[in-house]
Amino acid sequence: MKFPKSFLWGGAVAANQCEGAYLSGGKGLCVPDMLLGGSATKPRTFLPINDENAFYPSHEAIDFYHHYKEDIALFAEMGWKVFRLSINWGRIFPNGDDNVPNETGLAFYDSVFDECKKYGIEPLVTLCHYEIPWAIVTKYNGFYSRKTIDLFLKYAKTVFMRYKDKVKYWLTFNEINIPCMDAGGIGDLYGLGLIDKDDLNSSEPILLTDLKSDKQKTFTALHHEFLASALTVKMGHEINPEFVIGNMIAHETVYPLTPNPEDVLATLDRDNLANNFCGDVQVRGAYPQFILNYFEENGIDTSFIKEGDAEILKEGTVDMYTFSYYQSHCVTVKKDADKVNGNMSEGAANPYLKSTEWGWQIDPTGLLYTIQSLADRYPGVPLMVVENGMGAIDKVEEDGSIHDDYRIEYFREHIRAMREAVRRKLPLIGYTTWGPIDLVSAGTGEYRKRYGFIYVDRHDDGTGDFSRRRKDSFFWYQNLIRTQGEEL
Ligand code: BG6
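Residue numbers here run from 1 along each chain, matching the order of that chain's written sequence. Local features in this predicted model are restricted to residues whose pLDDT is 70 or higher, and side-chain atom pairs enter the listing and the counts only when it is 80 or higher, whereas totals over whole chains, interfaces and linings include all residues. Values reported for side chains reflect all heavy atoms of the structure, with hydrogen atoms and water molecules removed beforehand.

Trainee: So what exactly am I meant to see when it comes to the overall build of the protein here?
Mentor: Looking only at helices and strands, the protein has 15 helices and 16 strands in total. With respect to the three principal axes, the spread of C-alpha positions in the protein is 60 × 55 × 50 Å. Only protein chains enter the accessibility calculation, which uses a 1.4 Å probe; a residue is then buried when its area is under 20% of its type maximum, exposed when over 50%, and partly exposed in between. For the protein, the residues scored as buried account for 62% of the 488 residues in total. We call two residues contacting when some pair of their heavy atoms lies within 4.5 Å. When contacts within the protein are restricted to residue pairs at least 6 apart in sequence, those whose partners lie at least 24 apart make up 76%. For the protein, the exposed surface amounts to about 18,500 Å²; the carbon and sulfur share of it is 51%. When charges are tallied, Lys and Arg are placed among the positive residues and Asp and Glu among the negative ones, while His and the ends of the chain are skipped. Charge positions come from single atoms, namely NZ of Lys, CZ of Arg, CG of Asp or CD of Glu. Computed over 51 positive and 70 negative side-chain charges, the separation of the two mean positions in the protein equals 5 Å. What counts as a helix is a DSSP run of H or I of at least four residues, what counts as a strand is a run of E of at least two, and both are numbered from the N terminus. Residue exposure ignores everything except the shown protein chains as possible cover, and the areas themselves are Shrake-Rupley values with a 1.4 Å probe.

Trainee: Could you clarify how one ought to interpret helix α15 (residues 472-482) in this entry?
Mentor: One full turn of an α-helix is made of 3.6 residues, so residues set three or four places apart face in the same direction. The set of residues buried in α15 consists of Ser473, Phe474, Trp476, Tyr477, Leu480 and Ile481. Axial view of α15: buried residues confined to an arc of 165°, hence all on one face. If you follow the buried residues of α15, they end up packed against β1 (8-12), α2 (64-78), α14 (405-423), β14 (428-434), β15 (454-456) and β16 (468-470). The first or second residue beyond α15 is Gln484, which carries a positive phi of 50°. Within this analysis, the arc is defined by the directions that extend from the helix axis to the C-beta atoms.

Trainee: Explain the site of the ligand to me, please; I cannot follow it from the model alone.
Mentor: Think of it this way: one heavy atom of a residue within 4 Å of a molecule or strand is enough to make that residue near it. As a structural note, the neighbourhood of the ligand is formed by 15 residues, with Glu175, Asn343, Ala442, Lys449 and Tyr451 the closest of them. Between the ligand and Tyr326 there is a distance of 3.3 Å, counted from an oxygen atom to a side-chain nitrogen or oxygen. For this analysis, a polar contact is any N or O atom pair within 3.5 Å, provided that within protein one partner can donate a hydrogen and the other can accept it, and provided that sequence-adjacent residues contribute only side-chain to side-chain pairs. At 2.7 Å from an oxygen atom of the ligand is found a main-chain nitrogen or oxygen belonging to Ala442. With the chains in place, 97% of the 380 Å² that the ligand exposes on its own is no longer accessible.

Trainee: Got a minute to help me understand the packing of aromatic side chains in this structure?
Mentor: The description of an aromatic ring pair uses the distance of the two centres, along with the angle that the planes make with each other. Aromatic pairing here means that ring centres of Phe, Tyr or Trp (its six-membered ring) are within 6.5 Å. Orientation follows from the plane angle: under 30 degrees is stacked, over 60 is edge-to-face, and everything else is tilted. By the definition in use, this model includes 47 aromatic pairs. Each ring, one from Phe108 and one from Tyr109, has its centre 4.9 Å from the other, and the planes form 70°; the classification is edge-to-face. Assigned by exposure class, Phe108 and Tyr109 land together as buried. Following the ring pairs from residue to residue traces out a cluster consisting of Phe64, Tyr65, Tyr68, Phe75, Trp80, Phe83, Phe108, Tyr109, Phe113 and Tyr163. Two conditions define a charge sitting above a ring: the NZ of Lys or the CZ of Arg must be within 6 Å of the ring centre, and it must be within 35 degrees of the ring normal. In this arrangement the basic side chain of Arg91 is found over the ring face of Phe108, its NZ or CZ atom lying 5.6 Å from the centre.

Trainee: Please clarify how the sheet that holds strand β7 (residues 244-250) should be interpreted in this entry.
Mentor: In a beta sheet, neighbouring strands pair by backbone hydrogen bonds and run either parallel or antiparallel. When DSSP locates at least two bridges between a pair of strands, those strands are taken to pair. Around the barrel, eight strands lie side by side as β1-β3-β4-β5-β7-β9-β13-β14; this closed barrel has parallel pairing. Strand-to-strand twist in this sheet, taken as the mean axis angle between neighbours without regard to direction, amounts to 25°. Relative to strand β3 (residues 82-86), β1 is paired through three bridges, and the arrangement is parallel. Bridge assignment links Gly11 to a residue of β3, and that residue is Phe83. Packed onto the sheet, helix α6 (residues 147-163) meets β4 (122-128), β5 (169-173) and β7 and runs at close to 165° relative to β4. What counts as an axis is a line fitted to C-alpha atoms, over the stretch in contact for a helix, and the angles between N-to-C directions run from 0 to 180 degrees.

Trainee: Explanation requested: the pairing of β1 in the structure shown.
Mentor: The two faces of a sheet get side chains in turn, since along a regular strand they alternate between them. Within β1, five of the five residues are buried, which leaves the element mostly enclosed by the surrounding structure. With burial as the criterion, each face of β1 is covered, one bearing Leu8, Gly10 and Ala12 and the other bearing Trp9 and Gly11. Relative to β14, β1 runs parallel, the two being bridged by five bridges. Looking across to β14, one finds that Gly11 is bridged to Thr433.

Trainee: Would you mind going over unusual backbone geometry with me for this structure?
Mentor: Apart from glycine, the bulk of residues carry a negative phi angle, and the bulk of peptide bonds sit in the trans form. Its identity as a non-glycine residue notwithstanding, Met344 has a phi of 65°, on the positive side. Positive phi outside glycine occurs at Lys425, with the angle close to 65°. Along the chain, the position of Lys425 falls in the loop between α14 and β14. On the basis of relative accessibility, which here comes to 74%, the residue Lys425 falls in the exposed class.

Trainee: How do you make sense of the nonpolar core when you look at a structure like this?
Mentor: Note on soluble globular proteins: their nonpolar side chains tend to be buried together. Note on terminology: a nonpolar core comprises buried Ala, Val, Leu, Ile, Met, Phe, Trp, Tyr and Cys residues joined through side-chain atoms within 4.5 Å. With 144 residues, the main nonpolar core has Trp170, Phe277 and Met418 as its most contacted residues. With ten residues, helix α9 (residues 215-239) is the largest single contributor of residues to this core. Excluding anything up to four places from it in sequence, Met418 contacts Phe3, Phe7, Trp9, Leu367, Ile371, Val385, Leu428 and Tyr431. Within the second largest apolar cluster, ten residues are counted, among which are Leu8, Val82, Met248 and Met320.

Trainee: What exactly am I supposed to notice about the side chain of Asp263 here?
Mentor: Relative to the assigned elements, Asp263 resides in helix α10 (residues 261-284). Between Lys or Arg on one side and Asp or Glu on the other, a salt bridge is scored when a side-chain nitrogen of the former is within 4 Å of a carboxyl oxygen of the latter. Buried and unpaired, Asp263 has Lys334 as its nearest opposite-charge partner, separated by 6.9 Å. A polar contact is formed between the side chain of Asp263 and the side chain of Thr258, at a distance of 2.7 Å. Apart from residues lying up to four places away in sequence, Asp263 is in contact with Pro256, Leu257, Thr258, Val331, Thr332, Val333 and Lys334.

Shown next, in the form of structure tokens:
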């Protein structure tokens, strides 16, 4: 069985995790530039000063800034139809509130999109993949201020106007629902540019898991981000009616740990808070009743919802629903269940599933379950899996080859699940794997957590010459695309 010819096969990266060149071409600092690298024994930390002895992996990342031609040629060699990447907001407005955009930054993305065009690859551009300019964090506390909506709109308008004939597919905010998960303060900082004052002024590294979070502020800032997203969608359609603009949800797929009705109800509530709240606001254009109940039960004052906001949300619904899918976990009311983590979320371990080296449970059937549930919830809305993959340690053999059969196995099973979704005639339009070229991990700040079909010679001790080499999975994905998913 084949996927349709129009199916968008490709891969996804984020500027902060691949570009490097963190101050080149007039770029300003952005949130991830303040995060130190982690390791097997040392979790990732936040240090908002430039300590010369510390290792900030985003500063050089995999140097895509200087290697993009070589990298896009490799993507084309695999037969990609689409390349998901983000624009680093800080390259365009280095201080967040500059009067004029930075021409060098704009010219860089012109060249990247031209390079894609050369090979017939459609760019799918995320406007904000955690790259909130650092100056917006320090001056406005990110999206906690309503003023940041205007700053974002100015940025979005600038890039929409500039690239309106080069880019058709857009996403507003990466994983907008992260602040509704268990990530705590890191969800606020990454997703919303929101941080507690004491943490901001710390002169010592702070564990990401220790960053403070205040739910009242989180939901206020998230509301502002919803408005920014909705206004952006509306503006985008006015600039070019051909634009296809989506949201992006980190899908936390959850199952009840037991048939105990209490577990089943807790799972439903979890699904609503973690996934459906943001999905409903962006696809249906209104706050669902369950979240208003949650606010009331948790003492969240909703006065951040101002007159006129409801209309903005209604008029700015997205054209497609996109999501990341890595793993699933269980929900239970039992306090002593074994715990698992994965993609900024936490839950009870599922005894039927195995995990990656980083403890993320591997669940291809969960992907089909997720696609079917979303198709049922949002009838007719095109769906796209814009991140999926397996972080693993790769070994380079003496002859330079990399036999990553574990990665091939992971993809094979997930793509098999998508093939079933297509057979069921669910509106799945594309698939971009996460980190098709090795890059810096967002959660741990490591290089050794590799996702790519393409290996990059760069390591957590700062060594490596940034050279690229094809792994076995590169040739596997190339053949899969060539046969439209028939040869798994
Ligand atoms: C998603 C993000 O959360 O998962 C990516 O959109 C991230 O930025 C990816 O890299 C994988 O997570 P990690 O922590 O393994 O890099």
